[in-house]
Each structure stands twice: as structure tokens, then as C-alpha cells.
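Observations on the model geometry
Single-letter residue listing:
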Amino acid sequence: MHFATKFHCIFVLASAMFSSIPAHSMNCLDDFDLDDVQSYTYQIPNSDQKEKPHYWDHHQLNYYVFGKFDDSTSDQETKITAGVYNHDKLIYETEINCNKGTYSNKILNRKSQIEELFAGKLDRNLTSCKAGEPFDLILKVNNFNAMSWIFNAQPLQYGVKEFRKRIANTKTAVQTDENNVRTGITETKKYVDGVKRPLTKITSKYHAYLATKFVLKASGNARFDRLVFGQCNAWPKGMESRCQDARNWVHARSKANMTDYSMENHLEKFPLDVNITRGLGVFGNNRIVHNPLCLTTKYFNFLQSLVHPDRGIPKDPYNPSLRNMRAYCCCTNMRTGQVFKNDPENNCVFASECTWGGTSCQRAFDPTLGTEIEREFTRLREKEEKKEKEQVSEALKEHVDTESKLAAVLHINNTNADTGILAGKIPL
């Protein structure tokens, strides 16, 4: 693959539906600071079923919570609890107990009883709960009864099912009799194998799209300092001019499900991703096509062509093959990843318009970064060339070693190396 093609990138934030967005989230409806609080109730926008019935139905939603563990003295256990509610009725919550290193997820079931669906241990490699350490908690809503809690890149649920999914019915032939009267239709059903989904459905009395509020509670040393909501990606603050750090963070919580083979192929295309994880699969947040990708380790690409969609985007009308890839394409600020000039109306279009309309974002390219970007490209090119030379050298060495071993075997067996025929008796 040509070197330059490895750095074409796709990332970042906003749609014409939303206002100016901070540099640490993309295309989110709300993103605001909390003042190190231990309780907060967020009223979900447009959730009143009387005023706007079914407003969020069939739309994937993301709730992000950021916080930290402080060094205050408390007699209470350090706990973090978050849940979505239909008014005062629980839909789905998680409780994280740092002292015990456990989590517990509960619903209000259809008998109006609190029921525990999942319980497990925290991964201490991901969560130390030590003073000064940050934490993040994500609730991903995939559909009415599919939701996933993610704490510090650890999925707080388990169990996967694999099945064959019907994706379409195709009418392939019409049968007629001798009088040209239709007698039947042959219909071919299309399937895709190996589809994976969470094994357990979140069968709460109230489904995910009836949520009216998101409630946060903490005790002990846990404090909340930020909340984000929307159909979007978000990452911690302080990652301006740190694109690869933002990308790695998002990827670790994504629906990626990397195998050794797919990881090897991925790194061939995106060599900056040397520190990414395998992802969380079906329990992850967003698909990796919406991950922030980077022009260099520091800077975002100025053309981002698969920004996470929101409810304002229609099924792609320009290219049927992109209908399952609904997304925006945005010109972006290379340092922050924000929509260029915070003006989505003039800098974001449907992904199809990027694909077929030849959209240019040269206006968003920051020429003051050109020299620095060229230096990093040169460094990466030299690193890649060195790696290729080492691979060739290793292959040649292996070839020489193999030839030497073969010659030794032939000598020991008194065999003609050209013909492979035994030349005589083995010397005593």
C-alpha cells in the first residue's frame, strides 16, 4: 500500500442539528461540567411522551459520565451508581463498589420488582479506585431492550449468542400457467451467518426509549465532573493536539472485536494504532468506523468522512450501498477535532456527498502545521522502511539457515545435494 494512503483519516464532530460542541466530544446534544458533585439528575431532552411521543425510538443513544477519586476522608464505602428512569421508575442501573471491587446491574422487572441481571468483579488492571485516578462510565442504548454499561473500558455484563439473521426477502421469479395467469412467486430469503448479540435482553418494565431522566449518585471518594448525552462519541478533556490518545480511548470502548489476523491487517492500514486494544465487541459503545482517526499522533485530519449520525440524518438517499453507514462528513479543526469554525451548516454534509460530490476541506487545513506534519510523515516513513529492511534481512537469514541445515543433513546422510540420491554407504 502506498505510504500516503495509510494516513487518510475519518473522524469527528457535529451536525447541523446541534450547536457548538466542545473539543472533547463529537456530535453530542449536551456536554457540560459538573462541579465535583456526588449526585446529579439529568432530565433527558425531548423525553416527554405527551409532547413528543417516540422521539428517541429506534435511535442509538450514548450517556457518558466522567469523574475522579479524590483523597478526602470518608467513613462511607466508595460507590458509583447510575441509572435511567421513567420518571421515578427504574429502567436500568449499575452500582459499582470500589471497596469490594464489584458491580451489580438491576432492572425493575415486569412484575414491578427490582431484579439483578448481572453481577461481577471489577478488573483491577483497569480500575484502581486510588485517589487522583479518573474514571468514566458509559451507558450505550442500542435498542429498546439492548443496553450496555461500560466502566473504564470494562463491560459490566456478559454472555453472547450467535445466530443466523435474515436480512431480506427477495422475489426472484413469478410462475404463470399457459394462459399467462400468475400461479405463484418464488421467494429467496437472504441470511447472514455468525451474527453476535448480547445473550441477555434488558427486559425492564419500561424500555430504554421511555427514559425521562438519568440519575447519578456517589459516595466515599468518588466525584462526578462531567456529563455528556447524545448520539455521539466523547472522550476525556485535555486531549487537544492529542488525536491518537483520543482515538485509543474511544477504540478501547468501541464495538471492535479484533482477532490476531484482523489486528495485523488493521495495523497495515493504520500504523499509528500500535497501542489500540481489541475492543469490547457486542458490549462496546460505538462502531469503529466512527472512531476518531488521526493525520498524525497529534493532529486530526481536516476532512472527517464518517461522523456518528444523529436522529436528524435520513437514510442515505444518494447511494444505496451506504444506507447502513448513515453518517456525516465534516471539515474539522486539526488541533481540536471540532467542526471547522464551529459552523456545521457550512462544514458538514451527508457522507454520500463526500463520496460522490468531491467535497473539499482544504480550507480547514492549517498550513502552520505543515512542517511538523511532514517531519512526522518522514519519521514514520523511515521507521516503516527500516522495518521492511529488517523483515527482508530476517527472511534472508532464515533462508541461509535453512540451506545450511539442509546441507548438513545431506552430508550426514551421504546424499548428493543435486540429485537427492544416496551416494554410498554412510561412513562408519
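That block above? That's the structure.
Looking now at the sheet that holds strand 4 (residues 79-86). The strand order across the open sheet built from six strands is 2-13-4-5-6-7, with neighbouring strands paired in antiparallel fashion. Each edge of the sheet is formed by a strand with only one pairing partner; in this case those strands are strand 2 (39-43) and strand 7 (114-121). Each strand of the sheet is rotated relative to its neighbour by a mean of 10°, with strand direction disregarded. Relative to strand 13 (residues 213-219), strand 4 runs antiparallel, the two sharing seven bridges.

We now examine the pattern of salt bridges. Per the stated rule, a full pass over the model turns up 15 salt bridges. Among the ionic pairs, Arg226 bridges to Asp31, the shortest N-O distance being 3.0 Å. Of this pair, Arg226 sits in strand 14 (residues 222-234) while Asp31 is found in strand 1 (residues 25-37), placing the two residues 195 residues apart along the sequence. Taking relative accessible area as the criterion, Arg226 reaches 2% and is therefore assigned buried. Judged by its relative accessible area of 18%, Asp31 falls in the buried class. Asp273 is paired through a salt bridge with Arg247; the nearest N and O atoms lie 2.5 Å apart. Taken as a pair, Asp273 in the loop between helix 2 (260-269) and strand 15 (303-307) and Arg247 in helix 1 (residues 243-252) lie far apart in primary sequence, 26 residues in all.

Within this model, the largest pocket holds a volume of roughly 1500 Å³. What lines the largest pocket is a set of 43 residues, among which Gln60, Asn142, Arg197, Lys255 and Arg287 lie closest to the centre. Within the residue set of the lining of the largest pocket, elements represented by two or more residues are strand 8 (134-143), strand 9 (146-151), strand 11 (160-176) and strand 12 (182-198). Per-element accounting of the lining of the largest pocket gives the leading share, four residues, to strand 11. Here the lining of the largest pocket is built from residues that sort into 14 nonpolar, 16 polar and 13 charged.

Right, let's get into the state of the cysteines. Disulfide: a covalent bond connecting the sulfur atoms of a pair of cysteines. The final tally for this structure, using the stated rule, is five disulfides. Across a sulfur-sulfur distance of 2.1 Å, Cys243 and Cys294 are joined as a disulfide pair. Since a negative S-S torsion denotes a left-handed disulfide, the Cys243-Cys294 link at about -85° is left-handed. Of this pair, Cys243 sits in helix 1 while Cys294 sits in the loop between helix 2 and strand 15, placing them 51 residues apart in sequence. Under the relative-accessibility criterion, Cys243 is labelled buried at 0%. Across a sulfur-sulfur distance of 1.8 Å, Cys331 and Cys361 are joined as a disulfide pair. Between Cys331 and Cys361, the S-S torsion sits near -80°, and that sign places the bridge as left-handed.

Thresholds, definitions, all that
Counting restarts for each chain, with residues numbered from 1 along the sequence as it is written. Given that the model is predicted, a residue must reach a pLDDT of at least 70 before its local features are reported, and side-chain atom pairs must reach 80 or more before they are shown or counted; all residues, however, enter totals for whole chains, interfaces and linings. Only hydrogens and water are set aside; all other atoms, that is, all heavy atoms of the structure, feed into the side-chain values. Here the rule is simple: two strands pair whenever DSSP picks up at least two bridges between them. Strands here are runs of E lasting at least two residues and helices are runs of H or I lasting at least four, both read from the DSSP assignment and numbered beginning at the N terminus. Each axis is a line fitted through C-alpha atoms, and for a helix only the stretch in contact is used; angles between axes span 0 to 180 degrees, taken between their N-to-C directions. The rule for a salt bridge is simple: a side-chain nitrogen of Lys or Arg has to be within 4 Å of a carboxyl oxygen of Asp or Glu. Remark: exposure states derive from per-residue accessible area (1.4 Å probe, protein chains only) relative to the maximum for the residue type, with buried under 20%, exposed over 50%, and partly exposed in between. Both cavities and pockets are sets of points on a 1 Å grid over the protein atoms alone; in a cavity a 1.4 Å probe fits but cannot get out, in a pocket the set is open with protein on both sides within 12 Å along at least five of seven lines, and lining residues sit with an atom within 4 Å of a point. Grid points are joined across faces, edges and corners, and a volume is the space filled by probe spheres set on the points. Under the grouping applied here, Gly and all other residues not named as nonpolar or charged are polar, the nonpolar ones being Ala, Val, Leu, Ile, Met, Phe, Trp, Tyr, Cys and Pro and the charged ones Asp, Glu, Lys and Arg. In this description, the term disulfide denotes a pair of cysteine sulfurs within 2.5 Å.

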